[in-house]
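In case you want the letters, here they are:
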Amino acid sequence: MLAAGPVVGLTGLAIAAAGGAVGAVLPDLDVRDTAHPWRERLTRAGAAALLVGALVFDAVGGAFLAREAAARGAGTLLVGAIGLAALACAARLSAHRSFSHSLLALAGFAAATHLICPPLAPYVALGFATHLVLDALTYRGLRLFWPLAHGFSARLCKTGGVADACCLVGALLAIGVAVWRTLP
Ligand SMILES: [Zn+2]
């Protein structure tokens, strides 16, 4: 949303928020066994709700996204949808913080989204990249250059700790400022 800036208006911010939220939850498709399954479900449901909300907002405000997608043509949309489904399956089946947390997956999801709806792709990529950066700060790290085995970790904090909470509060404040600056 901050990348979109106040000039895009509320519809633009809704699109940025939805794309960013979807991109941010995609890497953790590889999370299967978690101590807090409701947290994962809530995060995914929140991103899905933001996407649906943005599509409704967009439809009411001139259907910019729908027209962009329609302009792609049926063949391109089909290739993009198959690509997204294949990437989601690969992410779901991969070991935690391997393929789905790599630059390859980031490029793949961004490219598949671009085939379906170009305006959403930068925000999906940005949300995805933000997730990778935050995970890279943790002790566990991630395999950024998958399929290379070498892991990457800044070893600064643990997942779910105080740093996590500070990032969440900072992000919510930034969202509040972005919306406030956009309001007429
Ligand atoms: Zn992750």
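Now for a look at the structure at hand. (Residues numbered from 1 in each chain as written. Predicted model: local features only at pLDDT ≥ 70, side-chain atom pairs only at ≥ 80, totals over all residues.)

Digging into the environment of Ala 81
- In this structure, Ala 81 sits in helix α4 (residues 74–93).
- Once the C-alpha coordinates of Ala 81 and Ala 149 are considered, the two residues, 68 residues apart in sequence, prove to be 29 Å apart. (Helix = DSSP H or I, 4+ residues; strand = E, 2+ residues; numbered from the N terminus.)

Focus: the environment of Ala 136
- Along the polypeptide, Ala 136 turns up in helix α6 (residues 121–136).
- Residue Ala 136 is classed as partly exposed on the basis of its C-beta count, with 19 C-beta atoms lying within 10 Å.
- Here the alpha-carbon distance between Ala 136 and Ser 153, two residues 17 residues apart in the chain, equals 4.9 Å. (Buried ≥ 20, exposed ≤ 12 C-beta atoms within 10 Å, placed from the backbone.)

Observations regarding the environment of Phe 145
- Mapped onto the elements of the fold, Phe 145 is located in the loop between α6 and α7 (162–182).
- Overall, the presence of 13 C-beta atoms within 10 Å leaves Phe 145 in the partly exposed class.
- Sequence-wise, Phe 145 and Arg 181 are 36 residues apart; in three dimensions their C-alpha atoms are separated by 38 Å.
- When residues no more than four places from it in sequence are discounted, the contact partners of Phe 145 are Ser 102, Leu 103 and His 150. (Contact = placed C-beta atoms within 7 Å.)

A word on the nonpolar core
- Residues Ile 15, Phe 109, Val 124 and Phe 128 are the most contacted members of the largest nonpolar core, which totals 36 residues.
- The set of elements that each furnish at least two residues to this core consists of α1 (9–25), α2 (37–60), α4, α5 (103–116) and α6.
- No other element matches α1, which puts 10 residues into this core.
- With near-sequence residues (within four places) excluded, Phe 128 lies in contact with Gly 23, Ala 24, Leu 26, Pro 27, Leu 106 and Phe 109. (Core = buried A, V, L, I, M, F, W, Y, C linked by C-beta atoms within 7 Å.)

Details of the packing of α1 against α2
- α2 packs onto α1 with a crossing angle of 150° between their chain directions and a minimal axis gap of 8 Å. One element, α1, and the other, α2, form an angle in the roughly antiparallel class. Regarding α1 and α2, the two cross each other, and that crossing is left-handed. Listed contacts from α2 to Thr 11, Ala 14, Ile 15, Ala 17, Ala 18, Ala 21, Val 22 and Val 25 of α1 are Thr 43, Arg 44, Gly 46, Ala 47, Leu 50, Leu 51, Gly 53, Ala 54, Phe 57 and Asp 58.
- Across the contact of α1 with α2, the residue classes tally to 12 nonpolar, four polar and two charged. (Axes fitted to C-alpha atoms, helices over the stretch in contact; angles between N-to-C directions. Parallel < 35°, antiparallel > 145°, perpendicular 65-115°, else oblique. Left-handed = near helix turned anticlockwise from the far one by under 90°. Nonpolar A, V, L, I, M, F, W, Y, C, P; charged D, E, K, R; others polar.)

As for the packing of α4 against α5
- Look at α4 against α5: their axes get within 7 Å of each other, and the N-to-C directions meet at 150°. Overall, the two elements α4 and α5 adopt an arrangement that is roughly antiparallel. Crossing angle aside, the handedness with which α4 passes α5 is left-handed. For the pair α4 and α5, the contacting residues are Thr 76, Leu 77, Val 79, Gly 80, Ala 81, Gly 83, Leu 84, Leu 87 and Ala 91 in the first and Ala 105, Gly 108, Phe 109, Ala 112, Leu 115 and Ile 116 in the second.
- Taken together, the residues of the contact of α4 with α5 sort by class into 11 nonpolar, four polar and no charged.

Any functional reading would require information beyond the geometric quantities listed.
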